[in-house]
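Observations on chain architecture
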Amino acid sequence: MSIKNIFEKSSPGRKAFTLQNESFDHFQIDKSIDKSLLRETKAHLPEVSELDTVRHYTGLSQKNRGIDNQFYPLGSCTMKYNPRIHEEICMTHSFANIHPLAPSSCSQGNLHIIHELQEMLSTLSGMHTFCLQPAAGAHGELAGLMLIKAYHKNRGQADKKDTVLIPDTAHGTNPASAALCGYKVKTIRSNSRGNIDIEHLKENLDESVAGFMTTNPNTLGLFDENILEISSLIHEAGGLLYYDGANFNAIMGKCRPGDMGFDVIHINLHKTFSTPHGGGGPGSGPIGVKENLIEFLPYSKVIKKGEKYIYQKDFKDKSIGNLMPFGGHFLVWLRAYIYIKLLGLDGLKDVSENAVLNANYLMRALTKDFHLPYDRSCMHEFILSNKNQKPYHVQTKHIAKRLIDKGYHPPTTYFPLIVEEALMLEPTETESLETLNTFIEAMRSIAKECVDSPDVVLKAPHSTPVSQIDEVLAARQPKLKWTPSST
Ligand SMILES: *Cc1c(COP(=O)(O)O)cnc(C)c1O
């Protein structure tokens, strides 16, 4: 199967319907542009008919793989079903078309929603208050670290406290955000149980430590039982604790980062609270803080004054300022708000319980054929490796690519870094027993192929327009522009 790009479908003189109307004559902008700025040769645009264009782009859209057309067990990303009711409500005029600068008297309903969401997230996570502004998880991390920095600066300790400790299981954005915020990063080892190695933490804990950044459950899908001891150790050393809340789907209504001792957290609304994500669309990474960090928050909290909702204006100059134009991504907040309202606390608890149950069911069924590096009950996701398939020269990437042929989006691979050849699966709570069982069958059939006909797995995928690519070449010398001579 090969696909042609739109230039390869071009035929000289072919074009789509153009509306002939003299009233468009003033669009002859060429005449008003300085000659020196005009292109001399004609732009090489594809010449295609309207029908060719429609078929081309419809065809491309149908090659997309997403949660709406297949099981998508991409670990760490929480690819759950996004209820259609959200989309319908978000399209209503008063939500979709309100101007960000509309006076608060005209947007009381929307401000009420923002205010209530701030409160609901605070209750769910055990934090004192929330600021919804950051545009994604990584943006929330940066905001949270800026708060930690502002806190130490306020105490005259900014120079001394220049290091952030991060476990070796962390998501790549954690050390990246700390470095972007000007911190030195020290990596803390995990032990054989998949928890933080407390002795290694103690060895690295001195006055230079500004903070500790982690997620619990961690990216192995394991809950660190020593979190209370860890948080008191960090606090005793004068550091603060940052919670990466991307794994919040596992713990709703069960336990709260605030109670575990964290000072600042972010939550990925687009993951746990179900906004379509993964294609670069808008996300939202609100940050929650304990009382000690409130005075440093960005300028964008909605407060209630009497019976009125308003944007807080009386910020102290200690605030880290704004991280976004206007308040942030309102329609992502709205989806999260509807999700929480419709499910209620009991419903959210069910979400987490079913996410964890589905993950454990899948994990136990797959360990008959695949190696499980940490043999413990998992939370909402788990890690396998290729150890059993290695004798047949099959790597994790081959298993992932063979899954494409079986109709599944590949799981996360080669992350977290501490597991050699990691395959990370997160089924989420929205998948049925039947879907999980069919997926288990597909994984088993791949395990069997590795023994009987490894070539089929090694050369996968066979069902896509492009099969295996040279990944190193693609990363080092990406060809981002198509030119006719390259065909
Ligand atoms: C997704 C994720 C992030 C980053 O969130 P973005 O919204 O993609 O910026 C951080 N940490 C973990 C564990 C994640 O899974």
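Residues numbered from 1 in each chain as written. Predicted model: local features only at pLDDT ≥ 70, side-chain atom pairs only at ≥ 80, totals over all residues. Heavy atoms only, no water.

Regarding the packing of aromatic side chains
By the definition in use, this model includes 9 aromatic pairs. Considering the side-chain rings of Phe330 and Trp333, the 6.3 Å spacing of their centres and the 80° angle between planes classify their relative orientation as edge-to-face. You can see Phe330 and its partner Trp333 sitting in helix H11 (residues 330-366), 3 residues apart, about one turn around the helix. Of the two residues, Phe330 and Trp333, both sit in the buried class. Members of the aromatic cluster, each reached through a chain of ring pairs, are Phe71, Tyr408 and Phe439. When the ring centre of Tyr183 is taken as origin, the NZ or CZ atom of Lys149, which lies over that ring, is 5.1 Å away. (Phe/Tyr/Trp six-rings, centres within 6.5 Å; stacked < 30°, edge-to-face > 60°. Helix = DSSP H or I, 4+ residues; strand = E, 2+ residues; numbered from the N terminus. Buried < 20%, exposed > 50% of the residue type's maximum accessible area, 1.4 Å probe, protein only. Lys NZ or Arg CZ within 6 Å of the ring centre and 35° of its normal.)

Looking at a nonpolar patch on the surface
Taken together, the side chains of Ile3, Tyr57 and Leu60 define a hydrophobic patch exposed on the protein surface, amounting to about 280 Å² of accessible area. The topology assignment puts Ile3 in the segment before helix H1 (50-63). Its relative accessible area of 44% is what places Ile3 among the partly exposed residues. (Patch = residues over 30% accessible without salt bridge, like charges linked within 9 Å, V, L, I, M, F, W, Y side chains within 5 Å. Areas by Shrake-Rupley, 256 points an atom, 1.4 Å probe, with all protein chains shown as cover. Salt bridge = Lys/Arg side-chain N within 4 Å of Asp/Glu carboxyl O.)

Some thoughts on the domain arrangement of the protein chain
Partitioning the protein chain into domains gives domain 1 (85-342) and domain 2 (347-474). Relative placement of domain 1 and domain 2: their C-alpha centres are 30 Å apart. Counting residues at the interface gives 31 residues for domain 1, matched by 22 residues for domain 2. Of the roughly 2000 Å² buried between domain 1 and domain 2 on both sides combined, carbon and sulfur atoms contribute 62%. Residue Lys254 pairs with Glu353 through a salt bridge whose shortest N-O separation is 2.6 Å. The tally of links between domain 1 and domain 2 comes to 11 residue pairs in polar contact (both at pLDDT 80 or more). Considered class by class, the residues forming the side of domain 1 that touches domain 2 number 13 nonpolar, 14 polar and 4 charged. (Domains from an automatic or database assignment. Contact = heavy atoms within 4.5 Å. Buried area = accessible area lost by both parts, 1.4 Å probe. Polar contact = N/O pair within 3.5 Å; in protein donor to acceptor, adjacent residues only side chain to side chain. Nonpolar A, V, L, I, M, F, W, Y, C, P; charged D, E, K, R; others polar.)

Focus on the site of the ligand
In the vicinity of the ligand, the residues found are Ser76, Ala136, Gly137, Ala138, Glu141, His171, Thr173, Asp244, Ala246, Asn268, His270 and Lys271. For the ligand, an oxygen atom lies 2.8 Å from a polar atom in the backbone of Gly137. At 3.5 Å, a side-chain N or O of His171 approaches a nitrogen atom of the ligand. When the ligand sits alone it has 380 Å² of accessible area, and the protein chains cover 86% of it. Secondary structure elements with two or more residues in the shell around the ligand: helix H5 (137-154) and helix H10 (269-272). Element by element, the count of residues in the shell around the ligand is highest for H5, at 3 residues. (Near = heavy atom within 4 Å.)

Details of the sheet that holds strand S10 (residues 382-385)
Reading across the sheet, the 3 strands line up as S10-S12-S11 and stay open at both edges, with antiparallel pairing between neighbours. Each having just a single partner strand, S10 and strand S11 (412-413) make up the two edges of the open sheet. Where S11 meets strand S12 (residues 422-425), 2 bridges bridge the pair, whose relative direction is antiparallel. Residue Thr413 lies in a different strand from S12, and its bridge partner there is Leu423. Each of S10 and S12 is contacted by H11, which is oriented at about 15° to S10, the strand it contacts most. (Pairing = 2+ DSSP bridges. Axes fitted to C-alpha atoms, helices over the stretch in contact; angles between N-to-C directions.)

What to know about the packing of helix H12 (residues 396-405) against helix H13 (residues 433-452)
Two elements in contact, H12 and H13, have axes separated by 10 Å at closest approach and are oriented at 125°. Here H13 runs oblique to H12, going by the angle between their axes. Both H12 and H13 take part in a crossing whose hand is right-handed. Contacts between H12 and H13 involve Ile399, Arg402 and Leu403 on the former and, on the latter, Phe439, Met443, Ile446 and Glu449. Of the residues contributing to the contact of H12 with H13, the split by class is 5 nonpolar, no polar and 2 charged. (Parallel < 35°, antiparallel > 145°, perpendicular 65-115°, else oblique. Left-handed = near helix turned anticlockwise from the far one by under 90°.)

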